[in-house]
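# Descriptive analysis of the structure
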Amino acid sequence: MSDIDIWSDTVTESGEEEVTPTSVTLTSVVQVIGALLSLAGGFLSFSGVYAQYLADDVALVTVLGGLFITLIPVSLVSIFLIKVAHGMRKLETWAFPWVIYGNLIVTGLLLLAGGVAWMFSIINLVTIVFLFIPSVKYYWWALFKEDMGPRMKETRYTAYLIRRSPLVMAGIIIILIYIFMALSAEWITPYGPTERNWYETLQPPSPDHIWGTDQNGGDVFSMVIWATRIDLKIAITVVAVSLIIGALIGAAAGYFGGAVDEVVMRITDVFFAFPGLILAMAIVAALGERNLDNISIALMMVWWPTYARLVRGQVLIEREKLYVEAARSVGASDMRILITHILPNTIQPVIVQATLDMGGVLLTAAGLSFIGFGAEAGTAEWGWMISQGQNHFMNYWVTLYPGLAILFCALSFNLVGDGVRDIMDPKLRRR
Amino acid sequence: MKLRDYIIRRLLLAIPVVIGVLAITFVLSYVVGNPITLYTTERTRPEAIPGIIAEHGLDKPIYIQFFYYLWDLLQGNWGYSRTARMDVTEAISWKLPATIELAMVAMVFAIIVGIPLGIISATRKDKVPDHVTRVLALAGVSMPIFWFALIMKYVLYYQFFMWGLPYLPEGGRYSYEYIPYTPLTNFVLFDSLITGNFLLFFDALIHLVLPGFALGYLTLAIITRMMRSSMLEVLKEDYITLARSKGLTERVVIYKHALRNAMIPTVTVIGLAFGSLMTGAVLTETIFSWPGLGRWSTRAILTSDIPSINAFTLLVAFIFVGANLIVDLVYGALDPRIRYG
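The structure displayed is predicted, hence computed values, not measured ones. (Residues numbered from 1 in each chain as written. Chains lettered and ligands numbered in written order. Predicted model: local features only at pLDDT ≥ 70, side-chain atom pairs only at ≥ 80, totals over all residues.)

### Brief notes about the overall build of chain B
Selection criterion: Helix and strand definitions follow DSSP, with helices as H or I runs of at least four residues and strands as E runs of at least two, each counted in order from the N terminus. Residue burial is a threshold on neighbouring C-beta atoms within 10 Å of the residue's own C-beta, all placed from the backbone, with 20 or more meaning buried, 12 or fewer meaning exposed, and counts in between meaning partly exposed. Note that contacts rest on C-beta atoms placed from the backbone: two residues are in contact if these are within 7 Å.
When its secondary structure is counted, chain B shows twelve helices and two strands. Written out in order from the N terminus, the α and β elements of chain B read α-α-α-β-β-α-α-α-α-α-α-α-α-α. With respect to the principal axes defined by its C-alpha atoms, chain B has extents near 85 × 60 × 40 Å. For chain B, with 341 residues in total, the buried portion stands at 37%. In chain B, once contacts between residues fewer than 6 apart in sequence are set aside, the share between residues at least 24 apart is 71%.

Laid out in structure tokens, this is it:
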């Protein structure tokens, strides 16, 4: 595969000291600094969130979200990255691709956390740029390509199948349009999310208000677009958090089996005994205040068992396979086997389920808002807008457009999820 | 013998679930928040509060309170519903039949339409009927049913009324202004048939069209999708090829050989759809002012009426658990290949 034999170039039989490639050592130093800085960034942003919680009346979910998004994963990945940097100095090639993955993950997490944390993410990106300097790339690229060969081929084939499927492509395009709308709401809407013209209530669609106005004179078009932001945010956070929690719990249950498994499965049984919306309703009622944060918490509590079950089933299949046996026989720890060997192989059905659930979460969140939980009055949110239209259902435009927005959003996620599931299905996949 | 063991094991497995459900409702309604507010108003004198706490055992440890809670539930002492202005048990006996009636109509509609649609879609794969059915089913899964209900109400009630066409009623169970009705079991359709009151029967039926359709559409979509995929799976089996090569007609192959096996996953889905029907009832009933559990629970939650919320959550969970249990048992009876256990 490769024409560069990296081992004979760099590490000779007699030891590592003979050849000390300076750029690799430099990269590993940068890598250590990057890992430390990202660790600091994670702690800083989390403590910022926590300080804000103490100072103002920020809901608990913000703190928990900060914990889950920044502190825990960033710490884990950063500690791992320092280990990786150590490996790089000794020129262990497995360290190089992990620098890319790890730094990208940390960067993404820090960007997600926002605030000052994004400044720390730049140094992680610098490391990645370092790795692609030709003299550094020389040490790892050939082996990496060879290592990833079969997987890349598989991925490329999947991408080809996805490109060929018109329904999946349509779904992806609609999702991209929604994301674009959410990001550029300031520039593509003529009115703000809470802007009201009190003298122009319930106007039918006209050039001024292309989708008409609601009973308070809010421009329906602008509000539908602004609502994209809120609704997509709810769907993404709920699915992401319940996926992480569910996957970890399910993986532990499946891998260790026995009493842990039994207890976890009975707990998920209990959660499955309630229809989703109704449990979420009861949780919101118990939490007292009705706002978007509480909706998110309720939906997370409703959704994690799905992932726990799914991941558990997958882990039960995977842990009997030969490669796990091999990893155990070379002395890998339980944690390592679970995280680096088993979990990556269970990820495909989880991703499909998450895509399908995005639609489900959207619909349930809108349903909760519709019956009066969730968004405070006046928030541009699809479910709340439809509930306003309920009293003015003769003015069809108040109801029609937010509903269409939900419909197409959920539809696109369902299209992508269904299509990708069919593509991934080994029974249907023809080679 | 084996089937009996399976049934017993399945029933035993339901016990921890029931206990868990009770624990969750207990935690949600009595532990989160201050339970004393249940028994006090703004006019309660402060010196009366210790007595109230002692009377209801609120000073006891939580697990003791949990047993008090269980004891009250078993005694039928489910509390007083402020929203319905009557005891919770009485409110349930009034409102449950309305919801069950609606859910049943939706379910029957979904099954009658959904299964044939699924079969047609599978047997004419990648032809026009298949594409139409798939789009309909996908839309049903992705559609917010409260929105669908509102739009249908707008078109079939308001616009038809404006155009002078025969329109459907906007809500309620029957035209109570015109037709006298004294409830026997509070299932309007059933009562009117027994008493031979056909005018009421048809009136109630017409009132059921809109909510039933709105509620049933999601279930219809789920059943159609499931039926299609399981039928496609079954049609690939060897025994279907054998049946065809014997020279049997396509009709016999599909309806006699394939359908039975394709029904098995569909039956599961039908049982699970009970949950989505209950969820849907919450959303649909508010729109069609249907005097059922859904509307009651929504009002209860908006006014923090804890006993009602608790009763509703418990009731729905038990219905759901029961439905799952029945599905599992039916599953075992339908498919002898299943290894019980």
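### Some thoughts on the overall build of chain A
Along chain A, the regular secondary structure elements total 17 helices and zero strands. On the principal axes, the C-alpha backbone points of chain A span a range of 85 × 50 × 45 Å. Every one of the 431 residues in chain A was classed for burial, and the buried ones make up 44%. Residue pairs in contact within chain A that sit at least 24 positions apart in sequence constitute 71% of those at least 6 positions apart.

### Quick word on the environment of Leu 277 of chain A
Structurally, Leu 277 of chain A is set in helix 11 (residues 276–287). Along the primary structure Leu 277 of chain A and Met 119 of chain A are separated by 158 residues, whereas in three dimensions their C-alpha atoms are 40 Å apart.

### Quick notes on the domain arrangement of chain B
Residue and element names in this part refer to chain B. Operational definition: What counts as a domain boundary in this text is fixed by an automatic or database domain assignment. Following the grouping adopted for this structure description, the nonpolar residues are Ala, Val, Leu, Ile, Met, Phe, Trp, Tyr, Cys and Pro, the charged ones are Asp, Glu, Lys and Arg, and the polar ones are all others, Gly among them.
Structurally, chain B comprises domain 1 (20–77) and domain 2 (88–334). Relative to domain 2, the C-alpha centre of domain 1 lies at a distance of 37 Å. Taken residue by residue, the interface counts five residues in domain 1 and seven residues in domain 2. Split by residue class, the side of domain 1 that touches domain 2 holds two nonpolar, three polar and no charged.

### A word on the confidence of the model for chain A
Residue and element names in this part refer to chain A. Spelled out, the test is: The pLDDT score gives, residue by residue, the confidence of the prediction method on a 0 to 100 scale.
Put simply, chain A has an average pLDDT of 82, and 93% of its residues get 70 or more. Per-element confidence in chain A is highest for helix 7 (residues 166–183), whose mean pLDDT is 92, and lowest for helix 1 (residues 6–10), whose mean pLDDT is 45. Confidence drops under a pLDDT of 50 for residues 1–18, and excluding neighbours within four residues, the segment shows 21 contacts in the predicted structure.

### Quick look at the environment of Tyr 157 of chain B
Residue and element names in this part refer to chain B. Turning to its location among the elements, Tyr 157 is positioned in helix 6 (residues 145–163). Tyr 157 sits in the partly exposed class, given 19 other C-beta atoms within 10 Å. Each C-alpha atom of the pair Tyr 157 and Ile 319 lies 33 Å from the other, and the pair is 162 residues apart in sequence.

### Concerning helix 9 (residues 238–245) of chain B
For helix 9 of chain B, the tally of buried residues reaches only zero of eight residues, placing the bulk of the element at the surface. Gly 247 of chain B sits one or two residues past helix 9 of chain B and shows a positive phi near 95 degrees.

### Description of the interface of chain B and chain A
Counting residues at the interface gives 40 residues for chain B, matched by 36 residues for chain A. Contributing elements (two or more residues each) for the side of chain B that touches chain A: helix 1 (2–31), helix 5 (128–142), helix 6, helix 10 (250–287), helix 11 (293–302) and helix 12 (306–334) of chain B. Take the side of chain B that touches chain A: its biggest share by element is eight residues, from helix 10 of chain B. Here the side of chain B that touches chain A is built from residues that sort into 28 nonpolar, eleven polar and one charged.

### Section: the nonpolar core
Which entries qualify depends on this criterion: What makes a nonpolar core is a set of buried Ala, Val, Leu, Ile, Met, Phe, Trp, Tyr and Cys residues, with links drawn between C-beta atoms within 7 Å.
Among the nonpolar cores identified, the biggest contains 166 residues, and Ala 280, Met 281, Val 284, Leu 299, Leu 362 and Ile 406 of chain A together with Ile 145 of chain B are the most heavily contacted of them. The element that contributes the greatest number of residues to this core is helix 9 (residues 220–256) of chain A, accounting for 19 residues. Domain assignment of the residues forming this core places at least three in each of domain 1 (20–77) and domain 2 (88–334) of chain B. Beyond its immediate stretch of four places on either side in the chain, Ile 406 of chain A contacts Leu 362, Leu 363, Ala 366 and Trp 382 of chain A together with Pro 144 and Trp 147 of chain B. Of all hydrophobic cores here, the second largest spans 29 residues; its members include Leu 37, Phe 46, Ala 85 and Phe 120 of chain A.

### Notes on unusual backbone geometry
Residues other than glycine predominantly adopt negative phi, and peptide bonds predominantly adopt the trans conformation. A positive phi angle, close to 50 degrees, is found at Leu 202 of chain A, a residue other than glycine. Examined against the element boundaries, Leu 202 of chain A turns out to sit in the loop between helix 8 (185–188) and helix 9.

### Examining the environment of Met 107 of chain B
All names here are of chain B. Here Met 107 is to be found in helix 4 (residues 88–123). Met 107 sits in the buried class, given 21 other C-beta atoms within 10 Å. With 166 residues separating them along the chain, Met 107 and Ala 273 place their C-alpha atoms 8.5 Å apart.

### Some remarks on the packing of helix 6 of chain B against helix 8 (residues 198–235) of chain B
Residues and elements named next belong to chain B. The test is simple: Helix axes are fitted to C-alpha atoms over the stretch in contact, other axes to C-alpha atoms as well, and angles between N-to-C directions run from 0 to 180 degrees. Should the near helix be turned anticlockwise from the far one by less than a right angle, the crossing is left-handed, and should it be turned clockwise, the crossing is right-handed.
At a minimum axis separation of 9 Å, helix 6 and helix 8 run at an interaxial angle of 145 degrees. Crossing handedness for the pair helix 6 and helix 8: right-handed. In this structure, helix 6 contributes Ile 145, Phe 148, Ala 149, Met 152, Lys 153 and Leu 156 to the contact, and helix 8 contributes Leu 210, Phe 213, Ala 214, Leu 215, Tyr 217 and Leu 218. Considering only residue class, the contact of helix 6 with helix 8 consists of eleven nonpolar, no polar and one charged.

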